[in-house]
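# Examination of the molecular architecture
Below are the chains, spelled out letter by letter.
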Amino acid sequence: MSIEIRNITKQFNGFHALSSVDLTVPSGELVALLGPSGSGKTTLLRIIAGLEFADTGSILFNGEEATHRGAKERRVGFVFQHYALFRHLNVFQNVAFGLQVKPRAERPSKREIRDKVHELLRLVQLEQLAGRYPAQLSGGQRQRVALARALAVEPEVLLLDEPFGALDAKVRQELRRWLRKLHDEIHVTSLFVTHDQEEALEVADRIVVMNEGRVEQSGTPEEVYDKPANPFVFNFLGNVNLFHGRVDGGAAKIAHISVDLPGHGDKDGAAVVAYVRPYDIEINRVRQGSEEIQAIVRHIQGAGAVARFELERLDSREIIEAELTRERYRELGLQTGDTVFVRPRNMRVFTQDYQI
Amino acid sequence: MHLPGGLKKTANEKPSAHRLTEPAPVRWVLTGMALLFLGLFLVVPLASVFSQALEKGFGAYLAAIREPDALAAIKLTLIAAGISVPLNLVFGIAASWAVAKFDFRGKSLLITLIDLPFSVSPVISGLIFVLLFGLQGWIGEWLSANSFKIIFAVPGIVLATIFVTFPFVARELIPLMQSQGRDEEEAALVLGAGGFTTFFRVTLPNIKWGVLYGVILCNARAMGEFGAVSVVSGHIRGLTNTLPLHVEILYNEYNFAAAFAVASLLAFLALLTLVAKSIAEWKVREQISAE
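The structure presented is a predicted model; accordingly, all values stated were derived computationally and were not measured. (Residues numbered from 1 in each chain as written. Chains lettered and ligands numbered in written order. Predicted model: local features only at pLDDT ≥ 70, side-chain atom pairs only at ≥ 80, totals over all residues. Heavy atoms only, no water.)

## Observations regarding the overall build of chain B
What chain B contains, in helices and strands, is 13 helices and 0 strands. Walking chain B from its N terminus toward its C terminus, one meets helices and strands in the order α-α-α-α-α-α-α-α-α-α-α-α-α. Dimensions of chain B along its principal axes, counting C-alpha atoms only, are 90 × 60 × 30 Å. Here the contacts in chain B between residues at least 6 apart in sequence split such that 71% fall between residues at least 24 apart. Looking at chain B as shown, the accessible area adds up to about 16600 Å², and 71% of this sits on carbon and sulfur atoms. Computing the positive centroid from 21 side-chain charges and the negative centroid from 19, chain B places the two 6 Å apart. (Helix = DSSP H or I, 4+ residues; strand = E, 2+ residues; numbered from the N terminus. Contact = heavy atoms within 4.5 Å. Areas by Shrake-Rupley, 256 points an atom, 1.4 Å probe, with all protein chains shown as cover. Lys, Arg positive; Asp, Glu negative; His and termini not counted. Charge placed at Lys NZ, Arg CZ, Asp CG, Glu CD.)

## Describing the interface of chain B and chain A
Contacts between the two partners involve 19 residues from chain B, matched on the other side by 21 residues from chain A. Taking both sides of the interface into account, the surface hidden between chain B and chain A amounts to around 2000 Å²; carbon and sulfur atoms contribute 62%. Looking at the side of chain B facing chain A, the largest losses of area belong to B:Val190, B:Leu191 and B:Arg201, adding up to 34% of the total buried there. Along the contact surface separating chain B from chain A lie 2 salt bridges. Its salt-bridge partner being B:Glu184, residue A:Arg87 comes within 2.7 Å of it at the nearest N-O pair. At the boundary of chain B and chain A, one finds 5 residue pairs in polar contact (both at pLDDT 80 or more). Mapped by element, the contributors of at least two residues to the side of chain B that touches chain A are helix 9 (183-190) and helix 10 (195-224) of chain B. For the side of chain B that touches chain A, a count of residues per class yields 9 nonpolar, 5 polar and 5 charged. (Buried area = accessible area lost by both parts, 1.4 Å probe. Salt bridge = Lys/Arg side-chain N within 4 Å of Asp/Glu carboxyl O. Polar contact = N/O pair within 3.5 Å; in protein donor to acceptor, adjacent residues only side chain to side chain. Nonpolar A, V, L, I, M, F, W, Y, C, P; charged D, E, K, R; others polar.)

## Side note on the confidence of the model for chain A
On average, residues of chain A carry a pLDDT of 89, and 97% of them reach 70 or more. Taken element by element, the predicted model of chain A shows its lowest mean pLDDT in strand 13 (residues 257-260) of chain A (81) and its highest in helix 2 (residues 91-100) of chain A (95). (pLDDT = per-residue confidence, 0-100.)

## Focus on the pattern of salt bridges
Residues and elements named next belong to chain A. What the rule picks out here adds up to 33 salt bridges over all chains. Among the ionic pairs, Glu4 bridges to Arg6, the shortest N-O distance being 2.9 Å. Using a relative accessible area of 24% as the deciding quantity, one classes Glu4 as partly exposed. Here Arg176 ties to Glu199 by a salt bridge, and the two come within 3.9 Å at their closest N and O atoms. Of this pair, Arg176 sits in helix 5 (residues 169-186) while Glu199 is found in helix 6 (residues 197-203), placing the two residues 23 residues apart along the sequence. (Buried < 20%, exposed > 50% of the residue type's maximum accessible area, 1.4 Å probe, protein only.)

## Examining the sheet that holds strand 13 of chain A
In sheet architecture, strand pairing relies on hydrogen bonds along the backbone and comes in two forms, parallel and antiparallel. Residue and element names in this part refer to chain A. Ordered in space as 13-12-11-14-20, the 5 strands form an open sheet in which the pairing is antiparallel. At either end of the open sheet lies a strand with only one pairing partner, and these are strand 13 and strand 20 (348-351). Across the sheet, the mean angle from the axis of one strand to that of its neighbour is 35°, orientation sign disregarded. In this sheet, strand 14 (residues 271-276) lies alongside strand 11 (residues 241-248) in antiparallel orientation, the contact comprising 6 bridges. Bridging across to strand 14, Gly245 finds its partner in Val272. (Pairing = 2+ DSSP bridges. Axes fitted to C-alpha atoms, helices over the stretch in contact; angles between N-to-C directions.)

## Some thoughts on the environment of A:Phe309
All names here are of chain A. Counting through the fold element by element, Phe309 comes out in strand 17 (residues 306-313). Relative accessible area serves as the criterion here: at 3%, Phe309 is assigned to the buried category. It is 9.8 Å that separates the C-alpha atoms of Phe309 and Leu334, two residues lying 25 residues apart in sequence. Those residues in contact with Phe309 that sit more than four places away from it in its chain are Ile283, Val297, His299, Ile300, Ile320, Glu321, Ala322, Leu324, Tyr329 and Leu334.

## Side note on the nonpolar core
Residue and element names in this part refer to chain A. Membership of the largest hydrophobic core comes to 45 residues, with the highest contact counts inside it found for Val95, Leu121, Leu147, Leu158 and Ile207. Looking at which element gives the most residues to this core, the answer is helix 4 (residues 139-152), with 7 residues. Those residues in contact with Leu121, other than ones at most four positions away along the chain, are Val91, Val95, Leu126, Glu127 and Ala130. Counting residues in hydrophobic clusters, the runner-up holds 41 residues, among them Met1, Ile48, Phe61 and Phe80. (Core = buried A, V, L, I, M, F, W, Y, C linked by side-chain atoms within 4.5 Å.)

## Some details on a nonpolar patch on the surface
Residue and element names in this part refer to chain B. A cluster of nonpolar side chains, contributed by Leu35, Phe37, Leu38, Leu40, Phe41, Leu42 and Val43, occupies part of the molecular surface with about 760 Å² of accessible area. Inspection of the secondary structure assignment puts Val43 in helix 1 (residues 24-53). The exposure class assigned to Val43 is exposed, which follows from its relative accessible area of 53%. (Patch = residues over 30% accessible without salt bridge, like charges linked within 9 Å, V, L, I, M, F, W, Y side chains within 5 Å.)

## Here we look at helix 4 (residues 107-119) of chain B
All names here are of chain B. An ideal rise of 1.5 Å per residue puts 18 Å on 13 residues; helix 4 measures up with 19 Å between its terminal C-alpha atoms. Those residues of helix 4 not exposed but buried are Lys107, Ile114 and Pro117. Residues of helix 4 that are buried make contact with helix 3 (68-101), helix 7 (154-165) and helix 8 (167-180). (Expected span 1.5 Å × (residues − 1).)

## What about the side chain of B:Thr273?
With respect to the helices, strands and loops of the structure, B:Thr273 is situated in helix 13 (residues 256-289). If near-sequence neighbours (up to four positions away) are discounted, B:Thr273 is found in contact with B:Ile216 and B:Ala220.

## Observations regarding the packing of aromatic side chains
All names here are of chain B. Applying the stated criterion across every chain, the model contains 20 aromatic pairs over all chains. Consider the rings of Phe37 and Phe41, whose centres lie 4.7 Å apart with planes at 35°: the pair is tilted. Here Phe41 and Phe37 lie together in helix 1, a separation of 4 residues that amounts to about one turn. In this structure, Phe37 and Phe41 share a single accessibility class: exposed. (Phe/Tyr/Trp six-rings, centres within 6.5 Å; stacked < 30°, edge-to-face > 60°.)

Given below as C-alpha cells:
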C-alpha cells in the first residue's frame, strides 16, 4: 500500500513539530525517516499510525483519504521504540493479541491463530521462546517479538519507531540486516524512524532527511549522500569539512583555490562555504601546484581500513579531518607534527541561499 | 587489608564489609532502639488489647461479641465498607486511568480534589455532611419534609465513609499507571483493540495488584473510621453505631472487657490487612521491577 502525505502541519503548545510536510512512500518500499532528535520524524510516524492527528493536511492510503481514520481502522503495524510488549502476556499471547481482539466475525479459529503465531515466531526465529514473558527476554528478542506482533494482523504498512535505538552496537547491526532481509521476503511497505545515518544508508530503499519539522531532502541513499540538497543534509550524512571563502569575479575563492560560479558574477563579496568529505582530502608531502593549503598533522588514528587524520591549517588554524587508505598512509609515512600540503577534491559550494 | 601503594587493587576485589557499615556497638544500639520503639508502641498495645479482651474468660469474650448491639455494629460496619469500597474502587480506577493515560485541562485540579479528604480532619468531613444534610443545613428542611433521613442514620454514615476513603484507590494507582506509561495501550489500539478491550485485557491486568493494595487500605480505613462517622452517627445503639463507635460506648460505660473484646475484632482486622497489604505490596514491586 502506498502512503501519501500532503501538507501536514502539527503544533504542540505553540511548538511546530511539523510544518507543511509532503511525502510519498511508494508501495512495497522500505523508507527511512532520518533526522536529529526533535526533527519531527516520530510525530510524523505517529500521525501516519493514527496515534496523533495533524492540525492541517491530509493522509492518503493507496490514494484513499485516511486522514480521519482512527488507529484501529488504519491496518498499520507499529513497532514502538521501547517495544511496548504486554508485560503480563507471554511471547505467544503477545503475538496472538491482534488476532484475538478481532471482531467475532473476522476472528480466526483458535487453531488458525496458533498456526499463524507459530509461523510468525519461526519467521523471527523465536519459536522456542513462545512461553517466555517479556521480562525474561533480551532487547533484541523483545524487538523481534514486537515485530512479529505487528505483523500478525497482516498490516498493509509497517511503521517502526527507532527500531534499533535501544540495542547495543552488534545486535543492532545483526537486526538491521535481518530487517532488510525480512523486507525483501515479505515486501510490506515500511517506514522506519532513525537518527543513525549509517543505519538509514544501509537498510533503506529511500531516505527522507528531516530537520526542524521539515523534509530537507528525499531520495535513494546514493542521491542523498552524493548530492546533498543543502548544507544540513551534507552535515548530517557523514563527516564533513567546511572551507569558508568569498565570491570574487564570478568564482568562489577559498584560500588559494578558485571554483567557478557561473551566473554569480554580480555577487562579489558574498560569503560562501565549501563542503568536502574527509576522504576527498588529498594529502601530499611536497607542493604539487598553487591550489593547495599548508597544514600540520596534529593527530593520527592509524588502526582500521582507513587512517584518519586531524590536520591544522597554517593560515586559519582551522582543523581539517582527512581519511587515507592504509596503503597511501604507509607510502607517505606521515608522523604527528609533519607539514603537509592539502588539496580538497569534489568541493560542494553553498552561498547563503544558493546551491551551486 | 592493606595494599602496597594501593595500586594493585583490581575491579573484582570487593571492599571489606566493615567499610560499608557502622561499627558493631552503633549498630546494636540503633537496632535496639528501633525494636524497643516497635515493642512499646505496637506490640505491647496489641497484646494488651487481646489480654484485656480475654480477661474475664473466653465465654465473656464471645458473649460481648454476640450481644445484639455488637452484632448490629458489625453489620453496620460491613454495610458501610461494603458500599464505600466498591464505589471508591470504580471511582479510583476511572480517575487514575483518566489522569495517567490522558491529557486534559484541569488535570492538576482533579488530583488536588482527590487528595482533599486526606488534608481535611475527619471531624470536619463529618461536619460538612451535618451542615449539608442536617436539620439546620442547606437541604435539611427539604429532606425532613420528605422524610429522608441522612444525618444520624445509615446513609450519613455511608456518605462520610465514602468521603474519608475517597483517595485510597486513586492515590495508589496514579503513580503506578504513570510509571507504566501509555505505550501498551497504544500498541493495543494499533493492533485493533477498542477502548473496553484495551482496558480489560491490557490496563487492568497490569494494575491488578495495585488495585488490590488500594482496596485493602480503603477497606481498613472504611471499617476503622471514627471521627467523621462519629459526627454524623448520633450514637444510637443497635442502629447507627459502627464497631469503633461501639467500642467507645462500651469503654465509656466502664465495660472494659466487652470494649476490648470488640476492639480485638478491629485489631484482628488490622493484622489481616497488614498481611494482605504486604503480599500485595510485594507483588506490585515485583511488577514494577519486571520492567
